[in-house]
Amino acid sequence: AYQGHALYMLKRYQEAVAPLRECIRRGPQVLLGHVWLAATLVRLGQGAEANAVIAEVLSRAPQMAMARKRWRAPWLYRDPQDADHMIEALREAGF
């Protein structure tokens with residue numbers, strides 16, 4: 001998942017898809033891979049698929065529905081613009 005996330009942050013969205021899908025294939029319980037894939041799909045203009053990925057995450061982990069209201073991810077990103085880059089895409093994906 002982290003390779004895909006790194007590629008996302010470098011705005012190499014197309015390259016990020018394969019490692020994120022591989023993460024999901026190998027460890028479907030790793031929900032962060034799903035979340036990062038959804039953000040990547042939004043950036044690639046595939047909003048409907050991104051919405052479906054987030055819907056699956058929320059159905060598998062309903063507690064994330066509460067977390068999404070207060071999730072801001074500043075702990076993950078040194079630069080606030082990087083956090084905004086992810087948060088905006090996740091909002092578009094329905095998270």
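Everything below is about the structure printed above this text.
These lines cover the structure that appears in this document, whether it is placed above or below. Remember, it's a predicted structure, so these values are computed and weren't measured experimentally.

Secondary structure assignment for the protein chain yields six helices and zero strands. Its helices and strands taken in sequence order, the protein chain reads α-α-α-α-α-α from the N to the C terminus. Within the span of the protein chain, comprising 95 residues, buried residues form 43% of the whole. Considering only contacts within the protein chain whose residues lie at least 6 apart along the sequence, 54% involve residues at least 24 apart. In the form shown here, the protein chain has an accessible surface area of approximately 5600 Å², with 54% of it arising from carbon and sulfur atoms.

Tyr-8, Leu-37, Met-64 and Met-86 are the most contacted members of the largest nonpolar core, which has 31 residues in total. Broken down by secondary-structure element, the contributors of at least two residues to this core are helix 1 (2-9), helix 2 (13-26), helix 3 (31-43), helix 4 (47-60) and helix 6 (80-92). Looking at which element gives the most residues to this core, the answer is helix 3, with eight residues. Setting aside residues no more than four positions away along its own chain, Met-64 makes contact with Leu-31, Val-35, Val-57, Leu-58 and Phe-95.

It is worth spelling out the packing of aromatic side chains at this point. Scanning all chains against the criterion turns up two aromatic pairs. For the pair Tyr-2 and Trp-36, a centre-to-centre distance of 5.6 Å together with 65 degrees between the ring planes defines the contact as edge-to-face. Remark: Trp-36 occurs in helix 3 and Tyr-2 occurs in helix 1; sequence separation between them is 34 residues. Residue classification places Trp-36 among the buried residues on the basis of a relative accessible area of 2%. Centroid distance Tyr-8 to Tyr-13: 5.3 Å. Interplanar angle 55 degrees. Geometry classified as tilted.

Next up on the list: the packing of helix 3 against helix 6. Angle between the axes and distance between the axes are the two parameters that describe a pair of packed helices. Where helix 3 contacts helix 6, the axes come no closer than 8 Å and their chain directions differ by 85 degrees. With respect to helix 6, the axis of helix 3 lies roughly perpendicular. Residue-level inspection shows Val-35, Trp-36, Ala-39, Val-42 and Arg-43 of helix 3 in contact with helix 6, the latter providing His-85, Met-86, Glu-88, Ala-89, Leu-90 and Glu-92. In terms of residue class, the contact of helix 3 with helix 6 is built from seven nonpolar, one polar and three charged.

Basis of the calculations
- Residues numbered from 1 in each chain as written.
- Predicted model: local features only at pLDDT ≥ 70, side-chain atom pairs only at ≥ 80, totals over all residues.
- Heavy atoms only, no water.
- Helix = DSSP H or I, 4+ residues; strand = E, 2+ residues; numbered from the N terminus.
- Buried < 20%, exposed > 50% of the residue type's maximum accessible area, 1.4 Å probe, protein only.
- Contact = heavy atoms within 4.5 Å.
- Areas by Shrake-Rupley, 256 points an atom, 1.4 Å probe, with all protein chains shown as cover.
- Core = buried A, V, L, I, M, F, W, Y, C linked by side-chain atoms within 4.5 Å.
- Phe/Tyr/Trp six-rings, centres within 6.5 Å; stacked < 30°, edge-to-face > 60°.
- Axes fitted to C-alpha atoms, helices over the stretch in contact; angles between N-to-C directions.
- Parallel < 35°, antiparallel > 145°, perpendicular 65-115°, else oblique.
- Nonpolar A, V, L, I, M, F, W, Y, C, P; charged D, E, K, R; others polar.

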